[in-house]
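# Fold and geometry: a report
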Amino acid sequence: MSPSWFKPTPDSLWNRFRERPRLRYASLVNLVWAIYVFGDVIFANELGPWWGVATGLSFPIFLLLYAAAYTRPLRHVAWYAGGVALLAYATLSFNHSAGGTYVIYACAMLGFEGAPKKCIAGMVAVIGGFVGVAYVLVGWPIPVIATLSFIALSVGTINVVYRFNAQRDVELKLSHDEVRRLAATAERERIGRDLHDLLGHTLSLITLKLELSRRLFDRDADAARREIEEAEQVARHALAEVRSAVTGIRASGVVAELASARLLLNTSMIDFVYRAEVPELPPRVDNELALILREAVTNIHRHAGASFAEVTVSMDDRACMMTIVDNGRGFAGSEGNGICGMRERVRALGGTLAFESVPQKGTVVRIQVPLVSADRSPSAGARRDDALPYDHDRLAS
């Protein structure tokens, strides 16, 4: 058998683990249970005359089949599991511990590939053969057979469940990526429409005024100057609108940050809870609170060591409140750049930020931002059309 035979094939289980090294290490660590192949040395009253021969021949074959299950095409793994099962039946009479151990490994390997029903059926067949050989030919006690059968079926079933959970996680990640891609595409289309609506009419107006001023330059210098001044005002107004639009594009909002926080923390096995209905916040408050929330969630993800986090957002006629709670190790030491940045953002809004932290019991962050009159009356701002300084009649002429 050439060494290249054990070079992992592209469709092997080992190759599938190339982006998850932890699973590769686990496949090697799982071999530690093979020590039970030599369990008769401790548990048996005496070793049979053929114990050494059976163990010395079967164990290398088992290692070869185990390696092949990870490095050869995954569709062949049932054959290698079947080989391990036959190895178990052949050694039961000579090495009881080895036979039972090989049966457990055979069921575990059957969980690597195939539909759940197919995997379970294969395990039942392997265990059925083991029961027949152990009870009929070797004469093992029924409790021992039942215990080993239960362990073998449990290990194989756990592998099946783990494999399908991992597949669902991958599918969920792909769906999240697709949602993000579609959201980015929709956002680009929206930005394109907004810029067309925002700048198309304004730039056309500036062009008309500059053309009119060029025509009036030799005949009426004062009128030409007025047209140029109005074109300048329109340009300044368009610049202000573009800046406002860019600010809105950059801002994600508290609702979007809460959804991102749930995805990030749940991936880190942190249970994250927030109320589904978040009040509609004023734009200036919404943008800044979203950035503060992002920093707080990043701290929980990286440093808190928490298993639970909760965010509550509320608003009344006077103020907007946000509370962030976790059950991590608590806040200790000097404040880093992230917390200092949070304080600066809250201070810029005229609000207050308070930390309540107990070592090993978690942290509570309370933020309160007062509302101004403009926040309570969103329609108070000037409309675009009212702010454009031009005379329809004069342009028409």
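Everything that follows concerns the structure shown earlier in this document.
Read on for a plain summary of the structure.

Calculation notes
- Residues numbered from 1 in each chain as written.
- Predicted model: local features only at pLDDT ≥ 70, side-chain atom pairs only at ≥ 80, totals over all residues.
- Heavy atoms only, no water.
- Helix = DSSP H or I, 4+ residues; strand = E, 2+ residues; numbered from the N terminus.
- Areas by Shrake-Rupley, 256 points an atom, 1.4 Å probe, with all protein chains shown as cover.
- Axes fitted to C-alpha atoms, helices over the stretch in contact; angles between N-to-C directions.
- Parallel < 35°, antiparallel > 145°, perpendicular 65-115°, else oblique.
- Left-handed = near helix turned anticlockwise from the far one by under 90°.
- Contact = heavy atoms within 4.5 Å.
- Nonpolar A, V, L, I, M, F, W, Y, C, P; charged D, E, K, R; others polar.
- Patch = residues over 30% accessible without salt bridge, like charges linked within 9 Å, V, L, I, M, F, W, Y side chains within 5 Å.
- Salt bridge = Lys/Arg side-chain N within 4 Å of Asp/Glu carboxyl O.
- Buried < 20%, exposed > 50% of the residue type's maximum accessible area, 1.4 Å probe, protein only.

Another aspect to go through is the overall build of the protein. Scanning the protein for helices and strands turns up 15 helices and five strands. Of the roughly 24,100 Å² of accessible surface on the protein, 61% is carried by carbon and sulfur atoms.

Attention shifts here to the packing of helix α5 (residues 77-91) against helix α6 (residues 96-110). Axis separation between α5 and α6 bottoms out at 8 Å; the angle between their running directions is 165 degrees. For the element pair α5 / α6, the angle class is roughly antiparallel. The hand of the α5/α6 crossing is left-handed. The segment α5 lies against α6, with V77, A78, Y80, A81, V84, A85, L87, A88 and T91 engaging H96, A98, G99, Y102, V103, Y105, A106, M109 and L110. In the contact of α5 with α6, the residues fall into 15 nonpolar, three polar and no charged.

Take the packing of helix α4 (residues 51-71) against α6 next. Between α4 and α6, the least distance of the axes is 12 Å, while the angle of their chain directions is 10 degrees. One element, α4, and the other, α6, form an angle in the roughly parallel class. Between α4 and α6, the residues in contact are S58, F59, F62, L65, Y66 and A69 and Y102, Y105 and M109, respectively. The residue makeup of the contact of α4 with α6, split by class, is eight nonpolar, one polar and no charged.

Taken together, the side chains of V29, V32, W33, I35, Y36, F38, V41, I42, F43 and L47 make up a nonpolar region of the molecular surface, amounting to roughly 1,100 Å² of accessible area. If you tally residues by element for the nonpolar patch, the top one is helix α3 (residues 40-43), at three residues. Within the fold, V32 resides in the loop between α2 (21-29) and α3.

As a further point, take the pattern of salt bridges. Scanning all chains against the criterion turns up seven salt bridges. Put simply, R236 and E232 hold a salt bridge, and the shortest N to O gap is 3.0 Å. Of the two residues, R236 and E232 are both situated in helix α9 (residues 221-250); the distance of four residues between them amounts to about one turn of the helix. With relative accessibility at 40%, the residue E232 sits in the partly exposed group. In this structure, R294 engages E257 in a salt bridge whose closest nitrogen and oxygen atoms are separated by 2.6 Å.

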